[in-house]
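Letter by letter, the chains look like this.
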Amino acid sequence: MDNFKNKDMIREEFDEIIESRVEKIKSTLISKGKEYATDKDVMHNFKRAGLIAGITPEKALYGFLLKHLTS
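All values reported here derive from a predicted model rather than from experimental measurement.

**Q** Sorry, what's going on with the overall build of the chain here?
**A** Each helix and strand in the chain was counted, giving four helices and zero strands. Helices (α) and strands (β) of the chain occur, in sequence order from the N terminus, as α-α-α-α. Taken over C-alpha atoms, the radius of gyration comes to 18 Å for the chain, far larger than the 11 Å a tight globule of 71 residues would show. Considered along the principal axes of its C-alpha atoms, the chain spans approximately 50 × 25 × 15 Å. Expressed as a percentage of the 71 residues in the chain, the buried residues total 6%. In the form shown here, the chain has an accessible surface area of approximately 6600 Å², with 60% of it arising from carbon and sulfur atoms. For the chain, the separation between the mean place of its 13 positive charges and that of its 12 negative charges on side chains is 11 Å.

Listed below in structure tokens is the structure:
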């Protein structure tokens, strides 16, 4: 972040950074999605975890997110 203080960034450079980040996010979501889903239901693991814990799939998803943020 310190680089932003010391130089101007042209639009082309900014666009390249954004495009690179979007591709990284897309790649991660696709590869990790295979770990958390079945071919029939991409939300399978969150629904299953919710059933086991007696919570909604959304709350289970949040729990998975917290696990990743803390690790």
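There's more to say after this.
**Q** Looking at this structure, I do not really get a nonpolar patch on the surface. What am I missing?
**A** A cluster of nonpolar residues, Tyr-62, Leu-65, Leu-66 and Leu-69, forms a patch on the protein surface that exposes about 410 Å² of accessible area. Position of Leu-69 among the secondary structure elements: in helix H4 (residues 57-70). The exposure class of Leu-69 is exposed, given its relative accessible area of 62%.

**Q** Please explain the packing of helix H3 (residues 44-53) against H4 as it appears in this structure.
**A** Any two packed helices are characterised by how steeply their axes cross, that is the angle between the axes, and by the distance between the axes. Between H3 and H4, the least distance of the axes is 8 Å, while the angle of their chain directions is 105°. For the element pair H3 / H4, the angle class is roughly perpendicular. Here H3 contributes Asn-45, Phe-46, Lys-47, Ala-49 and Gly-50 to the contact with H4, which in turn contributes Pro-57, Ala-60, Leu-61 and Phe-64.

Rules and cut-offs
- Residue numbering note: each chain is counted from 1, following its sequence as written.
- With pLDDT at 70 or above as the cut-off, local features in this predicted model cover only qualifying residues; side-chain atom pairs require 80 or more to be listed or tallied, and sums for whole chains, interfaces and linings still use all residues.
- To get the side-chain values, take all heavy atoms of the structure and skip hydrogens and water.
- Secondary structure elements are defined from DSSP: runs of H or I of at least 4 residues count as helices, runs of E of at least 2 residues count as strands, and each element is numbered from the N terminus.
- Taken over C-alpha atoms, the radius of gyration is set against a globule rule of 2.2 Å times the number of residues to the power 0.38.
- Only protein chains enter the area calculation, which uses a 1.4 Å probe; residues under 20% of their type maximum are buried, those over 50% are exposed, and those in between are partly exposed.
- Residue-level accessible areas treat just the shown protein chains as cover; the underlying method is Shrake-Rupley with a 1.4 Å probe.
- By the counting scheme adopted, Arg and Lys are positive, Glu and Asp are negative, and His together with the chain ends is not counted.
- Positions of charges follow a simple convention, taking NZ of Lys, CZ of Arg, CG of Asp or CD of Glu.
- Patches here: salt-bridge-free residues with over 30% relative accessible area, like charges joined within 9 Å, nonpolar side chains (Val, Leu, Ile, Met, Phe, Trp, Tyr) joined within 5 Å.
- Salt bridges are identified by distance alone: a Lys or Arg side-chain nitrogen within 4 Å of an Asp or Glu carboxyl oxygen.
- Axes, fitted as lines to C-alpha atoms, cover a helix only where it is in contact. Angles between the N-to-C directions of the axes lie from 0 to 180 degrees.
- Here is the rule for angles: anything less than 35 degrees is roughly parallel, anything more than 145 is roughly antiparallel, 65 through 115 is roughly perpendicular, and the remaining ranges are oblique.
- The contact rule is simple, with two residues in contact once any of their heavy atoms fall within 4.5 Å.

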